[in-house]
Structure formats: structure tokens, C-alpha cells
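Structural overview
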Amino acid sequence: MTPEHYFHLLTGKFEPEARSDHVPDFGYSPLNKSGMLYQPVIDVEYVRAGHSKPAWPDDKPFVVCLTHDVDAVSDFDLMQNIRIITKILKTSSNRPLGESLRRIVEHKISALRGLLGHSDNLCKFEKWMDVEQEVGSRSTFFFAPQFVKQVHRSDCMYRYDQIIDYRQEKLSVAEVMQSMDRGGWEIGLHPSWHAHADLNELVFQKEQIEKTLDHSIQSVRQHFLKYDPLKTHKIQSQAGFKYDSTMGYNDNLGFRRGTSYPHQCFDVEQTQPLPLLQIPLVIQDGAILAPGKGMRLDPQKAVEYIMHLTHEVKAVGGVLSLSWHPHTMNRPAYFDVYSQVLKLLAAENPWFATVGEVGDWWLKHADINLVEFTRGISR
Ligand SMILES: [Zn+2]
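Bear in mind that the values here come from a model prediction, so they are computed numbers and not experimental data.

1. A word on the coordination of the zinc ion
Around the zinc ion, the protein contributes the donor atoms D71 (OD), H190 (NE2) and H223 (ND1), at 2.1 to 2.2 Å from the metal centre. Here D71 falls in the buried class, since its relative accessible area comes to 19%. Exposure remark for H190: the relative accessible area of 1% places this residue in the buried category.

2. Considerations on the side chain of E186
Looking at the element boundaries, E186 is found in strand β5 (residues 186–189). Buried charge without a salt bridge: E186, with R221 as the nearest opposite-charge side chain at an N-O distance of 9.2 Å. Separated by 2.6 Å, the side chains of E186 and T140 make a polar contact. Apart from the residues lying within four places of it in its own chain, the contact partners of E186 are S139, T140, F141, S219, T354, V355 and G356.

3. Quick word on the domain arrangement of the protein chain
Its domain assignment divides the protein chain into domain 1 (3–74 + 120–378) and domain 2 (75–118). With 13 residues of domain 1 in contact, the opposing surface of domain 2 contributes 11 residues. When domain 1 packs against domain 2, close to 1000 Å² is buried across both sides, 45% of that on carbon and sulfur atoms. Per-residue buried area on domain 1 facing domain 2 is highest for D120, R153 and M157; these three make up 58% of the total on that side. Run the count over domain 1 and domain 2 and you get zero salt bridges. Its residues placed into classes, the side of domain 1 that touches domain 2 shows four nonpolar, five polar and four charged.

4. Topic: helix α7 (residues 199–213)
A rise of 1.5 Å per residue sets the reference length of α7, with its 15 residues, at 21 Å; its end C-alpha atoms lie 21 Å apart and thus fit the reference within 8%. Every buried residue of α7 is listed here: E201, L202, Q205, K206, Q208, I209, E210, T212 and L213. Looking at the buried side of α7, the elements it contacts are β2 (140–143), α6 (173–182), β5 and α8 (232–238). Put simply, D198 is the residue that caps the front of α7, since its side-chain oxygen is 3.2 Å from the backbone nitrogen of N200. Following α7 by one or two positions, D214 has its phi on the positive side, about 65°.

5. A closer look at the environment of S378
For S378, the location among the structural elements is in helix α13 (residues 370–378). The contact partners of S378, leaving out residues within four places of it in the chain, are E4 and F7. A distance of 2.8 Å separates a polar atom in the side chain of S378 from the backbone oxygen of R375.

6. Points about helix α5 (residues 125–134)
All of the buried residues in α5 are F125, E126, W128, M129, V131 and E132. Those residues of α5 that are buried are in contact with β1 (63–70), β2, β3 (163–166), α6 and α11 (332–346). G136 sits one or two residues past α5 and shows a positive phi near 75°.

7. Points about unusual backbone geometry
Look at D214: it is not a glycine, yet its phi comes out positive at around 65°. Counting through the fold element by element, D214 comes out in the loop between α7 and β6 (219–220). Overall, D214 belongs to the exposed group, its relative accessible area being 70%. Although it is not a glycine, T271 sits at a positive phi angle of roughly 45°. Inspection of the secondary structure puts T271 in the loop between β8 (263–267) and β9 (272–278).

Definitions and limits used
Residues numbered from 1 in each chain as written. Predicted model: local features only at pLDDT ≥ 70, side-chain atom pairs only at ≥ 80, totals over all residues. Heavy atoms only, no water. Donors = N, O, S within 2.8 Å, 3.2 Å for Na, K, Ca; no water. Buried < 20%, exposed > 50% of the residue type's maximum accessible area, 1.4 Å probe, protein only. Helix = DSSP H or I, 4+ residues; strand = E, 2+ residues; numbered from the N terminus. Lys, Arg positive; Asp, Glu negative; His and termini not counted. Salt bridge = Lys/Arg side-chain N within 4 Å of Asp/Glu carboxyl O. Polar contact = N/O pair within 3.5 Å; in protein donor to acceptor, adjacent residues only side chain to side chain. Contact = heavy atoms within 4.5 Å. Domains from an automatic or database assignment. Buried area = accessible area lost by both parts, 1.4 Å probe. Nonpolar A, V, L, I, M, F, W, Y, C, P; charged D, E, K, R; others polar. Expected span 1.5 Å × (residues − 1).

Below you can see the structure in the form of C-alpha cells.
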């Protein structure tokens, strides 16, 4: 891959075609072939061409954008387990019978534990928030909708009236979202599987969060990063989102579109930019730590990779965005790596900002148009 290809890389022409029941992008990038995935090659080219790096508040050299995809909030909630068992029964033809039975038994046991009064600490949201506050940061929590019109087996199953433990209190998920919102954390939408290509579904889901918070929201990241290069960004902008952070990997890390800079998403069919800013996702917890996923790193190696990418982003003054799933609290390596990395990142003196804060700053202050820049060097 050479700079003449960067326009197509940035605007999504190299993205694999969407397939209805797959996320075809688990680790694929044309940058892999040339060993360039772990460097923001477009930003490097931009700086090499003599342009100034992005300017950030207080002259900070780069940005760290912390995010969480809230796929689950509790294990033991009775009604949630009943909903999940119903869904498993309805979709049992999609999987081996043994697997369906095993999962039904698991969820029955979870429901029983809840009935027996076992304390449900799946996420411990406050622990994630406190460790962020210790380094002076806030993050974006992408919550799933509680109601989905066209259901997929991968969709999240919690409701906003579900009661969870939060700071020694029993609060509903809605109250936790409101508390985060008041504290300066950002709440965004984590749309269901089919919402990636369905404007009505996406609007329906966005309104659920907005009603809960009593104000509009700006940011979105698709569940599973499920994405159609021809549709998703277009309907996200039509639904009224300003910022998307879906362009990352489930089974790899690095710069999927060759950049760490925020940039306008592109309508590939109409060949024009959309009023939607992409804040690329660079590192996701499961992709590097989960035993069944792409990289399968041990915690120490994971920290090394993260810091390698941090230095790449810092060198071009870009945005390092990370996604950590709160429901991994029961898997100690996840929280340990996160808290260790936050301290290492803080020592690099970044501006810690939510997706919304990065986007707002960029729209107001940045004079960098990567679509135009890459178009210029592609001629
Ligand atoms: Zn998700």
C-alpha cells in the first residue's frame, strides 16, 4: 500500500462487503499485507508533508479517548434470564442442540442464584469510573437499547429498569446512566445487530437513551462493530448522530483506516463526505485478551502493544481510543490491564476526553481535512 491508495483506505473502498450474518472485518485490513497496520500511515504522511499536527486543549501532545461497550449489566436478574432462555429457544435452529441445552441450564442456574439473593456484581461500573477519575479522566459508555424491533441472537438483553448494585446502592440501569451523565461521563448508543442497516430501528433505539437522559446524544458505536460500508455511516448521520467510533477491530488492533485523526465519514455511493465524524477505535480489550479471539496476548504483552500504539499516536498528535467491556470485571486480567495502562497513559500527558468531547473540539478548532488531503495525494 502506497500513499496513492490512502484516499480509498480512508473512505472505505477497501472494506469487505457486508454479509447479513457475519462481521466480515474481524481482523482484515489491506494494511496487514504490508505490515503497516500498527502505524497511522495517513497521519505520518500528513505530518511528513509539512502540515502541523492537531492542536489540543492546554497544548496536550495527543488524546486518549476511553470508551466502554455495555453489552451486559448483570448475570442474575430473573426477568433477563427468562428473556434470554426464550430467545435461545426461538433461535435454537441456528446452533447445535447440545449448546442450546447447556446455555439454558446456565441461565436457569443464574436465575436461581438471583432468587437466592446472590449479589450481582457483573460490571461494577463504579470501579471503572473511579480508576478513570484517579487519572483525571472521563469516558464514554455506549449503552444498548432496551427494546429492539428486529431481534438478532447476539443482541444485548438488559432493560433500563433492571436493578443493579452501584456505589453501595440498588439502582436501576436508568438511574446509573443518569448518574454517569451528571458526573461528566458521556452516554452513547450501542445499537443492535440489525440497526446497522435500518434507519428506523436506529432512531427508535437512539430515542430510548435520549428519553432516559432527557437530552439528545451525539455518539454511537455499533455492537460487534457490525457495519455495512454502503449503509451504516449514512444512516447514523441521518439518525442525527455526530460522532461514530466503530472503525476498529474485534480480532486485531491498530488503525483500520490508516489514521488516528478524527475524520469525516464518507458516503461511498454518492462519493461525498457525510456530516458524521469518525473517532477511530484503536484498541479493544477482547481482541487482545480473550482466549478465543484474534491476538490472545498475556497481560504483559498486551500492555506492550498498547504502549507501542500509544507512542505511534503521540508522535503524530492523534487520538488513541480504547474500548473496555465493563462486564469483564470477573476476568481479572481485563481490569488489571486497564488500570495499569491508565497510569502509563497518564504519564504520557494526554488530553483525556470522551468521544463527544474529542468530536466537539475537532469540529470547532481543527483545520485538518483528511478526505481532501488523501484525495490530493491519490492523484
Ligand atoms: Zn457490543
